[in-house]
Amino acid sequence: MQYRLSCANPHAQSLEIELTLNKLKGTRLVLQLPAWRPGRYELANFAKNVRTFAAFDAQERPLKWEKVAKDRWEIRIGKAKSVTVRYTYYARQMDGGGSWIDETQWYLNFINFALYAEDRLDEPCDVILDVPRHYQVACGMKALSKHHLRAENYYQLVDSPLIASDSLQHFTYEAEGIPFHVWIQGNWTPDWPQMHMAFQLFSEKQIQTFGEFPEPEYHFLIQALPWKFYHGVEHRNSTAIVLGPDYELSQPFLYRELLGVSSHELYHAWNVVRIRPAEMMPYDFARENYFRTGFVAEGVTTYCGDLFLARAGVFSLEEYLMELNKLLQRHFLNYGRLNLSVADSSFDTWLDGYTPGIPHRKGSIYVEGAVAALILDLELRELTQGERSLDDVMRIMWDEFGRVGRGYTVADYQEALERVAGKKMKEYVDTCLFGTVDLSPRLRRALHTVGLSLHEISPDLLSERQWGVRTSFRDGSLRVEATAPGSPAERVLCRDDELIALNGIRLQNNLEALLHTQPSPEAVELTLFRNHRLQQVTLAADGQTYFAVHQVRLPAQVTGDQARRRHEWLG
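Conventions adopted
- Residues numbered from 1 in each chain as written.
- Predicted model: local features only at pLDDT ≥ 70, side-chain atom pairs only at ≥ 80, totals over all residues.
- Heavy atoms only, no water.
- Helix = DSSP H or I, 4+ residues; strand = E, 2+ residues; numbered from the N terminus.
- Rg over C-alpha atoms; globule rule 2.2 N^0.38 Å.
- Contact = heavy atoms within 4.5 Å.
- Areas by Shrake-Rupley, 256 points an atom, 1.4 Å probe, with all protein chains shown as cover.
- Lys, Arg positive; Asp, Glu negative; His and termini not counted.
- Charge placed at Lys NZ, Arg CZ, Asp CG, Glu CD.
- Domains from an automatic or database assignment.
- Buried area = accessible area lost by both parts, 1.4 Å probe.
- Polar contact = N/O pair within 3.5 Å; in protein donor to acceptor, adjacent residues only side chain to side chain.
- Nonpolar A, V, L, I, M, F, W, Y, C, P; charged D, E, K, R; others polar.
- Core = buried A, V, L, I, M, F, W, Y, C linked by side-chain atoms within 4.5 Å.
- Buried < 20%, exposed > 50% of the residue type's maximum accessible area, 1.4 Å probe, protein only.
- 1 Å grid on protein atoms, 1.4 Å probe; cavity = no way out; pocket = protein on both sides within 12 Å on 5 of 7 lines; lining within 4 Å.
- Points joined across faces, edges and corners; volume = space filled by probe spheres on them.
- Salt bridge = Lys/Arg side-chain N within 4 Å of Asp/Glu carboxyl O.
- UniProt positions renumbered as here; feature names shortened; annotations may be inferred.
- Pairing = 2+ DSSP bridges.

1. What to know about the overall build of the chain
If you tally the helices and strands in the chain, you get 16 helices and 27 strands. For the chain, whose C-alpha radius of gyration is 26 Å, the value lies close to the compact-globule estimate of 25 Å for 571 residues. C-alpha extents for the chain along the principal axes are approximately 85 × 65 × 45 Å. For the chain, contacts bridging at least 24 residues in sequence account for 66% of all contacts bridging at least 6. Carbon and sulfur atoms provide 49% of the accessible area of the chain, an area that totals close to 24,200 Å². When the 62 basic and 73 acidic side-chain charges of the chain are each reduced to a single mean position, those positions are 5 Å apart.

2. Comments concerning the domain arrangement of the chain
Looking at the assigned domains, one finds that the chain contains domain 1 (2–165), domain 2 (168–252), domain 3 (272–447) and domain 4 (462–540). Computed over C-alpha atoms only, the centres of domain 3 and domain 4 are separated by 37 Å. Summing both sides of the interface, domain 3 and domain 4 together bury roughly 380 Å²; the carbon and sulfur share of this comes to 59%. For domain 3, the biggest contributors to the area lost against domain 4 are Leu-333, Tyr-335 and His-360; these three give 73% of the whole. Linking domain 3 to domain 4 there are one residue pair in polar contact (both at pLDDT 80 or more). The class makeup of the residues in the side of domain 3 that touches domain 4 is three nonpolar, two polar and no charged.

3. Section: the nonpolar core
Ranked by size, the top nonpolar core spans 155 residues in total, and within it Leu-5, Trp-106, Tyr-154 and Tyr-413 carry the most contacts. Among the nonpolar cores identified, the runner-up in size contains 18 residues, and Ala-489, Leu-502, Leu-526 and Leu-539 belong to it.

4. As for the layout of surface pockets
Sizing a probe to match a water molecule and rolling it over the atoms shows the empty space that remains. What the second largest pocket holds in volume is close to 280 Å³. Around the second largest pocket sit 17 residues that line it, and Tyr-155, Asp-159, Arg-236, Val-273 and Arg-276 are the ones nearest its centre. Among the residues making up the lining of the second largest pocket, the classes are represented as eight nonpolar, four polar and five charged. Per-domain counts for the lining of the second largest pocket show at least three residues from each of domain 1 (2–165) and domain 3 (272–447).

5. Side note on the pattern of salt bridges
Using the criterion set out here, one finds 41 salt bridges in the structure. The residue Asp-392 makes a salt bridge to Arg-388 at a minimum N-O spacing of 3.9 Å. Overall, the relative accessible area of 30% leaves Arg-388 in the partly exposed class. Here the residues in one salt-bridge network are Glu-382, Asp-561, Arg-564, Arg-565 and Glu-568, joined through shared partners.

6. Observations regarding the UniProt feature "domain: PDZ" (unreviewed entry) in the chain
As recorded in UniProt, the sites labelled "domain: PDZ" (unreviewed entry) are residues 465–532. Secondary structure over residues 465–532 splits into 19% helix and 41% strand, and the C-alpha atoms at its two ends are 28 Å apart.

7. Considering the pairing of strand S21 (residues 469–474)
Two strands pair when backbone bridges link them, and S21 and strand S22 (residues 477–483) are joined in this way by six bridges, in the antiparallel orientation. Of the residues in S22, the one forming a bridge with Ser-472 is Arg-479.

8. Quick look at empty space enclosed by the protein
As enumerated under the stated definition, the model contains three cavities of 30 Å³ or more in all. In this model, the largest cavity occupies a volume close to 120 Å³. Surrounding the largest cavity, 14 residues form its lining, Arg-337, Glu-368, Cys-432, Gly-435 and Leu-439 being those nearest its centre. Those elements giving two or more residues to the lining of the largest cavity turn out to be helix H8 (367–383) and helix H11 (426–433).

Structure below.
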């Protein structure tokens, strides 16, 4: 399959694709557009961005065609042995998995727009880019010439994002003999020596842990945007990372985010790109690929991304704990973890895994999966007296599944855990992966083994603490954003209620200030609009604390064993 790409007017952001297929057999050709992309387990319906479609034989005679599904076309080719399909795709999605064209660059994810014939997936794919001659190209595909690329098959094609531009910044480094490329598109010039050292350190540490790197080279494609954004997507020998605002990328907070997502995506080069669930071997791009092992694919990766930054010395202990506390706060404030297990939430990512969804329904394979991985890692270290860890589990998964291209199941993962632990791990799997219990006691015990303590702290806001309500001031009104399960607020308030008065005093963005002036803030009268109807409710505290903040801290003193375990864990 050959794809020739052009764009007559970058301001229209319409990518013109010419797909040619030769040596055809039969009288009909069926072409499919992917319905989703690896790395994001939800239907994306890329076909909604296809504007025009036409098919021709080798003599440029039009061929009749019919759309037989939302993203599937059937062409009546008759006796034609070669067919060219011309269609346009609206390239205006700037994120880690989208495509974007403007007057400064082409940023392409082929999974969005590359039609395929199902019986040609394993054949080489050529890409010819009709971009300005002076444009440089950043991509993991093999370059036959400056603007002519080749993928060994369709799977590699759609796993190879691309940036073509005349303003790309580029630097290289080596880690354990592997060349790495960092490409930056946008208005940000980093501290190159600092970035070089950080990327080299975490890359080396990850390769040393696995013992080898899956590819002969690797590319970081970074889009620095002028607006706030955060996204990264893993690929076979590259990653696409989109961050902003660019003017804050050199500030510690956002620079740490860049390091975190870069380490996370590099770990994916082993985990998910190759250590892949059996349900995705191979990927079926036309429909959902349901799987329950998101706690490995994304949970372990989320945990290990920051962990390797600490081990490599890129993050200090304090910086690592800062990131860990962010993760734990997201975990404990998601009450859906007590309703749907991380394994079942993995299955449901195809339903609503990337949207807030209804209140308190589901967990996150990224967050809850990472907490489960943290507990596992520390428990394995304690069980084996520091001799073995999650690293050993993932090396088994690499050796027996990733390296040989074999998909794994939940049972395979559990077996790897048991080989490392030297005991049955059914209780861990049932509780931490398929259970819905509160993991804080178990997490507290695990952290204690490495000399860390988990604290539960009351939130600063009185409305959150005693009523269990979170509000936001938007469009000139104070709105209910969320209520904690079982709280006084949940019993009388609804999401999106517009709060207009407290004990007869007008509310704007002043709820906390007014609460502190009330003689009895434990019980107040709230006036509100709900569905355009005026109502009054009584909010009475019940003595419980809601929306508690959980924080890992360093105790004043640790034992020798705890200090040793922490050093073995973090380096």
